[in-house]
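One letter stands for each residue in the lines below.
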Amino acid sequence: MKVTLATLEEQTGLTALDHLERSVRIPVVDGPQAQGDLIVIPLAMIAASVRIPPTAVAWEWIDVPVEGVDLLRGEAGGNTHTLVAEPYTCRWTRRLHDSERLAIGVFETTAPAYLLHPEHGATGCAPGTYVIRRQREQEGPRARLVAD
């Protein structure tokens, strides 16, 4: 199935800004990808600093509904990053430990899942397990969170 921004808008009821092309196929990637103030990283790449506690029980994992799950509202513009997937293919939880304290949650998907944002459009994640983190940037000797 060819997934486009228009497809995701129809599925979720969310809309992207007018300057974004709606008919182009959204690429699906199995590596890290950034979207504004979020970064999505395969769990295997950062397993030394992020772990899902063995006490995380099934009810702490939430199936991603067809309309998506809001992950983070942008600080500067107020636009929300939304995780979108086909029914019964993706679940997520906020129950994890991150030694860098940047993680918002983790998701597991058996089919492509998408991050949708009004300003940035959409990006696709291949099947796998991913950590959703806030991005930070270096400002002189200090690091600060990216404000989108």
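Small disclaimer: the values here were computed from a predicted structure and weren't measured.

Participant: Before we move on, could you go through the nonpolar core and cite the residues and values that matter?
Facilitator: Within the largest apolar cluster, 18 residues are counted, with the highest numbers of intra-cluster contacts made by V64, L71, L83, C90, W92 and F107. Listed by contribution, the elements that provide at least two residues to this core are β3 (38-42), β6 (69-73), β7 (80-85), β8 (90-93), β10 (103-109), β11 (113-117) and β13 (128-134). A total of three residues in this core trace back to one element, the largest contributor, which is β6. Ignoring anything within four residues of it in the chain, the contact list for C90 reads I62, D63, V64, L83, A85, F107, E108, T109 and A113. Counting residues in each nonpolar core, the second largest holds nine residues, with V3, L8, A16 and A122 among its members.

Participant: An account of the packing of aromatic side chains is requested, with residue identities and associated values reported.
Facilitator: Inspection of the entire model under this criterion finds one aromatic pair. Considering the side-chain rings of F107 and Y130, the 5.2 Å spacing of their centres and the 25° angle between planes classify their relative orientation as stacked. With F107 in strand β10 and Y130 in strand β13, the pair connects residues that are 23 residues apart, well separated along the chain. Considered together, F107 and Y130 belong to a single accessibility category, that of buried residues.

Participant: Describe in detail the pairing of β11, supporting the description with residues and values.
Facilitator: In terms of burial, β11 is largely enclosed, as five of its five residues are buried. With four bridges connecting them, β7 and β11 associate as antiparallel partners. Opposite L83, over in β11, you have L115 as the bridge partner. Pairing analysis gives five bridges linking β11 to strand β12 (residues 121-125), with the strands arranged antiparallel.

Participant: Please give an account of the pairing of β7 that cites residues and values.
Facilitator: With six of six residues buried, β7 lies mostly within the body of the structure. By the alternation rule, side chains of β7 split into T80, T82 and V84 and H81, L83 and A85, which are all buried.

Participant: For the sheet that holds β8, give the residues involved together with the corresponding values.
Facilitator: Strand pairs in the sheet, formed through backbone hydrogen bonds, run parallel or antiparallel to each other. Strand order in the open sheet formed by six strands is β2-β3-β13-β10-β8-β5, and the pairing between neighbours is antiparallel. A single partner strand is all that each edge strand has here, and the edge strands are β2 (33-35) and β5 (62-63). In terms of strand pairing, β10 meets β13 through six bridges, oriented antiparallel. By the bridge assignment, E108 is partnered in β13 with T129.

Participant: How would you summarise the state of the cysteines if you had to cite specific residues and measurements?
Facilitator: Following the criterion strictly, the structure yields zero disulfides and no others. This cysteine, C90, is not joined by any disulfide, and C125 carries the nearest cysteine sulfur, 8.5 Å off.

Participant: Lay out helix α1 (residues 5-12) with the relevant residues and their values.
Facilitator: Restricting attention to buried positions, one finds in α1 the residues L5, L8, E9 and T12. Around the axis of α1, the buried residues are gathered within 100° of arc, so they sit on the same side. Considering only its buried residues, α1 is in contact with β7, β11 and β12. Looking one or two residues beyond α1, the residue adopting positive phi is G13, at roughly 85°.

Participant: Pulling in residues and values, what's your account of the environment of L115?
Facilitator: With respect to the secondary-structure elements, L115 resides in strand β11. Judged by its relative accessible area of 1%, L115 falls in the buried class. Distance from L115 to A85, taken between C-alpha atoms, is 9.0 Å for residues 30 residues apart in sequence. The residues contacting L115, other than those within four sequence positions of it, are Q35, V40, L71, T82, L83, G121, A122 and T123.

Definitions and cut-offs
Residues numbered from 1 in each chain as written. Predicted model: local features only at pLDDT ≥ 70, side-chain atom pairs only at ≥ 80, totals over all residues. Heavy atoms only, no water. Core = buried A, V, L, I, M, F, W, Y, C linked by side-chain atoms within 4.5 Å. Buried < 20%, exposed > 50% of the residue type's maximum accessible area, 1.4 Å probe, protein only. Helix = DSSP H or I, 4+ residues; strand = E, 2+ residues; numbered from the N terminus. Contact = heavy atoms within 4.5 Å. Phe/Tyr/Trp six-rings, centres within 6.5 Å; stacked < 30°, edge-to-face > 60°. Pairing = 2+ DSSP bridges. Disulfide = S-S within 2.5 Å. Arc of directions from axis to C-beta.

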